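Take a look at the letters that make up each chain.
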Amino acid sequence: MKLGARIFKTGLAIIIAIYAADWIGLDPAFFAAISATFAIQPSIFRTYQTILEQIQANLIGAAIAILLAITFGFQPVIIGVAVMLAIAIILKTRLEASTIPLALVTIIIIMGNPEEGFFLFAGERFLLIMIGVFSAFAVNLIFLPPKHETKLYYKVSSLTEEVIRWIRVLTRHDTNQKSLKDDIARINAAALKVDNLFMLYKEERNYFLKSKLSKARKIVLFKQMINTFKKIFAILKTLDRSENEMQHMPERMQKLIQQQLDHLTDYHDRILLRYIGKVNTQMTEEMADEVFEGRESLTDLFMDLYDHKEIDRDEWLHLLPVISHIIEYNEQLEHLDRLVDSFFSYHDNTVEIKQLEDD
């Protein structure tokens with residue numbers, strides 16, 4: 001079993017928080033460990049952004065806890081009211097909802113154990129919470145910077161390859177429907193995680209002009225990679241929904257759709273490999289001719305089938321979304337290819353996709 005960076009950073013933040021609390025002489029140190037656990041973030045930018053909001057949320061929680069405690073006492077009902085009031089104020093001030101749990105921990109820690117010297121007690125508990133927050137901030141800032149570019153590439157690439165495999169099976173009418181349905185649901189959930197990972201990558205900051213320019217182009221390129229993946233995924237879902245109608249299409253139409261999708265998916269695979277340096281050139285002239293001729297033949301045959309009454313209107317309309325998605329997929333691939341070509345014309349050696357490790 002491998003420990004991922006997030007697991008390692010959480011453990012390290014807890015260790016630092018406990019030692020820091022002991023060194024300062026605050027007790028119990030595990031309060032700092034609890035806040036460090038809540039404060040770990042997946043990116044440096046979110047760490048910086050979140051710590052400011054966590055400080056504000058914890059100040060709100062501490063202020064409410066102290067005010068209600070000295071006014072009404074430490075009864076469980078008062079603690080519950082303090083929690084509800086803190087949540088309402090944090091949401092009203094439009095702080096991130098993720099700051100709420102730590103603010104509530106602050107309230108409970110301050111109000112949960114009343115004793116003499118309450119203000120000193122509350123101040124020490126609040127300081128313990130902030131030690132944990134700053135320990136997590138330090139760990140996020142210094143140790144194991146996230147590899148969002150590598151993760152994003154491999155995630156998009158693996159999902160694309162999976163969809164391509166299913167399309168090749170589906171166009172040859174050799175599909176296990178239950179497995180396909182299960183995988184479509186799983187890929188759909190994974191696509192949402194890809195969008196979140198792209199946001200984390202987009203949020204990463206660069207401090208040198210050359211890196212900023214490279215990053216800006218990579219953001220556009222990865223966005224197009226994701227759009228292209230979503231388009232081929234849309235083709236898979238459309239083919240799945242229209243499988244019965246597809247099997248009743250003229251054989252030459254089925255064959256042409258299969259061939260064109262084979263050409264386009266080969267093209268897609270080549271673009272992804274080119275980005276990480278495993279393919280050196282753009283689409284070959286032979287492959288370009290195959291894609292172009294396939295698109296022309298597909299659209300011409302699609303129109304001819306209806307014009308010559310080989311299929312009825314309902315069958316033609318059922319086939320229309322499939323043809324439309326294939327044409328759009330072709331256009332998305334051409335755009336992605338141009339972006340990759342443009343990127344390497346400006347940044348020849350700036351792609352650093354390494355072997356992905358468990359995280």
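Structure: above.
Reading the values: the criteria
- Residues numbered from 1 in each chain as written.
- Predicted model: local features only at pLDDT ≥ 70, side-chain atom pairs only at ≥ 80, totals over all residues.
- Heavy atoms only, no water.
- Axes fitted to C-alpha atoms, helices over the stretch in contact; angles between N-to-C directions.
- Helix = DSSP H or I, 4+ residues; strand = E, 2+ residues; numbered from the N terminus.
- Parallel < 35°, antiparallel > 145°, perpendicular 65-115°, else oblique.
- Left-handed = near helix turned anticlockwise from the far one by under 90°.
- Nonpolar A, V, L, I, M, F, W, Y, C, P; charged D, E, K, R; others polar.
- Expected span 1.5 Å × (residues − 1).
- Buried < 20%, exposed > 50% of the residue type's maximum accessible area, 1.4 Å probe, protein only.
- Contact = heavy atoms within 4.5 Å.

A separate point is the packing of helix α7 (residues 148-170) against helix α8 (residues 177-203). One way to put it is that α7 packs onto α8 with a least axis distance of 10 Å and a crossing angle of 155°. Considering their axes alone, α7 and α8 lie roughly antiparallel with respect to each other. In the crossing of α7 with α8, the sense of the turn from one axis to the other is left-handed. Among the residues making up the contact of α7 with α8, the classes are represented as 15 nonpolar, three polar and six charged.

Turning our eyes to something else, we now look at helix α5 (residues 100-112). The end-to-end C-alpha distance of α5, which contains 13 residues, comes to 18 Å, matching closely the 18 Å that a straight helix rising 1.5 Å per residue would cover. When you tally the buried positions in α5, you get 10 out of 13 residues, the bulk of the element. If you check which residues of α5 are buried, you get I100, L102, A103, L104, V105, T106, I107, I109, I110 and M111.

Another point: the packing of α5 against helix α6 (residues 118-142). At a minimum axis separation of 9 Å, α5 and α6 run at an interaxial angle of 150°. Taken together, α5 and α6 sit at an angle that is classed as roughly antiparallel. Relative to α6, the crossing made by α5 is right-handed. Only F118, F121, A122, R125, F126, I129 and V133 of α6 make contact with α5, whose side of the interface consists of L102, V105, T106, I109 and I110. Its residues assigned to classes, the contact of α5 with α6 shows 10 nonpolar, one polar and one charged.

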